[in-house]
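Listed below are the residues making up each chain.
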Amino acid sequence: MDPAEDSFLSHLVELRDRLIRSLIAIGIAFLCLFPWAKDLYALLAQPLLATLPQGGQLIATDVVGVFLVPMKVALMVAFLITLPYVLFQIWAFVAPGLYAHEKRLAVPLVGVSVLLFFVGMAFAYFLVFPTFFGFMATVVPEHVAWMTDIEKYLSFVLTTFIAFGVTFEVPVIVVVLVHVGIVDLGKLKEWRPYVIVGAFVVAAVFTPPDVISQLMMAIPLCLLFELGLFLARFVGRRSAARAPSAEADDGEWQALSAEEMQRALSEAHPPDDKRKPDA
C-alpha cells in the first residue's frame, strides 16, 4: 500500500475513534441527566414562567413533544458538560500537525473561546430573557392568553444562546485575524464605524423585534470589538518582536530564501575555473 494512502487511512481511523469516544462521553452524561430532564426544562423555562400573567403556562401542541423536548434539553446540557472532553479529543487529533508556536496560541484561544461562549449564554439567560419577557408581558392585549408551545420556546432559546455565544467570540476573532496577518490592526480601527453599524444590523436579525433586545446585543458587540482591538495590540507586538527568531527558537525547519538558495547552490557547484585540480 502507498505510504501516503496508509497515512490517510490511519488518520481516518484515529478520527473515527475520537468521535466514538466523544459520543460515548455525551451518551453517558445524557443517561445520567435523563431522570432530571423535566427539571432541566423547567429551569430553562424559568425566565418565561416568572413573567407570564396570572394563570399563564407553557403548552404542548405535539403529542410526543412533552417527552422529546425535555430530552433535547438534557442532551444539550450533556453536550455542554462534556465539551471539555470533546475539545480535548479534537485537540489530540489536530495537535500533532501544528508547530510549537501554533500550539502555544491555540490552547489559550480555545479555552477563552469556550469561556466566552458560556458567558454569552449566561448573559442571555440572566439579563436578556428577563428583560425581553418582562417587556412582552406589558404589551399583551387585554383578554389575550399569552402562552407558547414548549418546542417553539426551546427553538427560541437555542437560537438566542447561539447568537449571544457567537457574539461574545468577537475578541477572539479580532485577535486571530491580527495575529495571523489577515487584517492589520490599523485597518480594523478604520473599520470601526462600519462595525458599529453592522452590530446593530446583526442585532436586528438575530434578536426579537424589540429595541431593548437589539441594544442588549449591539452594545456588547461593539464593546467586545473594542476589547479585541485592545488585546490585539499586545499580540501584534509580541508577534513582531519574536518574528525574526521565532523559527530558530522553536527549533523548527525554516525554508531558505531565494538568495540563500542561490548562494548554497553556488557553493555546492562552483564554476569550472574555481574548482581545484584533481590530485
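Just above sits the structure.
Attention in this report is confined to the structure presented alongside it.

What counts and how
Residues numbered from 1 in each chain as written. Predicted model: local features only at pLDDT ≥ 70, side-chain atom pairs only at ≥ 80, totals over all residues. Heavy atoms only, no water. Helix = DSSP H or I, 4+ residues; strand = E, 2+ residues; numbered from the N terminus. Contact = heavy atoms within 4.5 Å. Phe/Tyr/Trp six-rings, centres within 6.5 Å; stacked < 30°, edge-to-face > 60°. Expected span 1.5 Å × (residues − 1). Buried < 20%, exposed > 50% of the residue type's maximum accessible area, 1.4 Å probe, protein only. Polar contact = N/O pair within 3.5 Å; in protein donor to acceptor, adjacent residues only side chain to side chain.

A short note on the environment of Ala-37
Along the chain, the position of Ala-37 falls in helix 2 (residues 37-49). On a C-alpha basis, the gap between Ala-37 and Leu-68 in space is 9.8 Å, while along the polypeptide they are 31 residues apart. Aside from chain neighbours lying at most four places away, what touches Ala-37 is Pro-70, Met-71 and Ala-74.

Considering the packing of aromatic side chains
Geometry of an aromatic ring pair is reported as the spacing of the ring centres plus the angle between the planes. Throughout the structure, instances matching the rule amount to 14 aromatic pairs. The interplanar angle of 50° and the centroid separation of 6.0 Å between the aromatic rings of Phe-133 and Phe-156 together place this pair among those described as tilted. Of the two residues, Phe-133 is situated in helix 5 (residues 100-138) and Phe-156 in helix 6 (residues 150-167); the sequence distance between them amounts to 23 residues. Geometrically, the ring pair formed by Phe-230 and Phe-234 is edge-to-face, given 5.2 Å between the ring centres and 75° between the ring planes. Placement of the pair is Phe-230 and Phe-234 together in helix 10 (residues 211-242), with a separation of four residues, close to one helical turn. Taken together through their ring pairs, the aromatic side chains of Tyr-41, Tyr-125, Phe-126, Phe-129, Phe-132, Phe-133, Tyr-153, Phe-156 and Phe-161 make up a single cluster.

Focus: helix 6
Between its first and last C-alpha atoms helix 6 spans 26 Å; for 18 residues at 1.5 Å apiece the expected length is 26 Å, and the two agree. Residues Ile-150, Tyr-153, Leu-154, Val-157, Thr-160, Phe-161, Ala-163, Phe-164, Gly-165 and Thr-167 constitute the buried set of helix 6. Here helix 6 starts with a cap whose side-chain oxygen sits 3.0 Å from the backbone nitrogen of Glu-151, and that cap is Asp-149.

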